[in-house]
Amino acid sequence: QVQPVESGGGLVQAGGSLRLSCAVSGRTFSSYHMGWFRQAPGKEREFVAAVRWSGGSLIYADSVKGRFTISRDNAKNTVYLQMNNLKPEDTAVYYCAAATAYNLRQTINYPFWGQGTQVTVSS
């Protein structure tokens, strides 16, 4: 069992950047694939990005490809989401989650979730 904790959210103007961090408790962090999801008010939680346990396979939602970068540091039990060229439509609560299942685009395959961190992008 692992417990992700997100940080780094805040208010930024359109075109700006933020880096989210997700610190994960537990001794088996390197055994889990990690993902970032986001949820805006009144909308379903949606996939943003994921990285497999080895760090060698990255996957992104089309809406963030080319702007966001996911990475992980297994030695620090931390996963990151670098967000560049932010847009107002990126405004949401961002969640970090840990998974062992194969399909990393689906929320149901992530049993462990953080509390979320708010990202607000003003126009």
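It should be noted that the structure appears before, not after, this text.
Residues numbered from 1 in each chain as written. Predicted model: local features only at pLDDT ≥ 70, side-chain atom pairs only at ≥ 80, totals over all residues. Heavy atoms only, no water.

We note that Asn77 has phi near 55°; this positive angle belongs to a residue other than glycine. On the accessibility criterion, Asn77 (21% relative accessible area) is partly exposed. Its identity as a non-glycine residue notwithstanding, Asn85 has a phi of 50°, on the positive side. Here Asn85 is to be found in the loop between strand S8 (78-83) and strand S9 (92-99). (Buried < 20%, exposed > 50% of the residue type's maximum accessible area, 1.4 Å probe, protein only. Helix = DSSP H or I, 4+ residues; strand = E, 2+ residues; numbered from the N terminus.)

This part covers the pairing of strand S5 (residues 46-51). A large share of S5 lies buried, amounting to 5 of its 6 residues. Examined bridge by bridge, strand S4 (residues 33-39) and S5 share 5 bridges and lie antiparallel to one another. By the bridge assignment for S5, Arg38 is matched with Glu46. Here S4 folds back onto S5, and the loop between the two strands holds 6 residues, one of which, Gly42, carries a positive phi near 80°. In terms of strand pairing, S5 meets strand S6 (residues 58-60) through 3 bridges, oriented antiparallel. Its bridge partner lying in S6, Ala50 is registered against Ile59. Taking the residues between adjacent antiparallel strands as the criterion, S5 and S6 are bridged by 6 residues, where Gly55 takes a positive phi near 80°. (Pairing = 2+ DSSP bridges.)

On to the pattern of salt bridges, then. Applying the stated criterion across every chain yields a total of 4 salt bridges. The partner of Glu46 in a salt bridge is Arg38, with the nearest N and O atoms 2.7 Å apart. Assessed through its relative accessible area of 5%, Arg38 is described here as buried. Across the pair Asp90 and Arg38 runs a salt bridge whose closest N-O atoms are separated by 2.9 Å. Here the residue Asp90 occupies a position in the loop between S8 and S9, and Arg38 occupies one in strand S4, the gap between them amounting to 52 residues. An identical accessibility class is assigned to Asp90 and Arg38; each is buried. The structure contains a network of salt bridges with shared partners spanning Arg38, Glu46, Arg67 and Asp90. (Salt bridge = Lys/Arg side-chain N within 4 Å of Asp/Glu carboxyl O.)

Another aspect to go through is the nonpolar core. Within the largest apolar cluster, 37 residues are counted, with the highest numbers of intra-cluster contacts made by Met34, Trp36, Leu81, Met83 and Tyr94. Those elements giving two or more residues to this core turn out to be strand S3 (18-25), S4, S5, strand S7 (68-73), S8, S9 and strand S11 (117-122). Looking at which element gives the most residues to this core, the answer is S9, with 6 residues. (Core = buried A, V, L, I, M, F, W, Y, C linked by side-chain atoms within 4.5 Å.)

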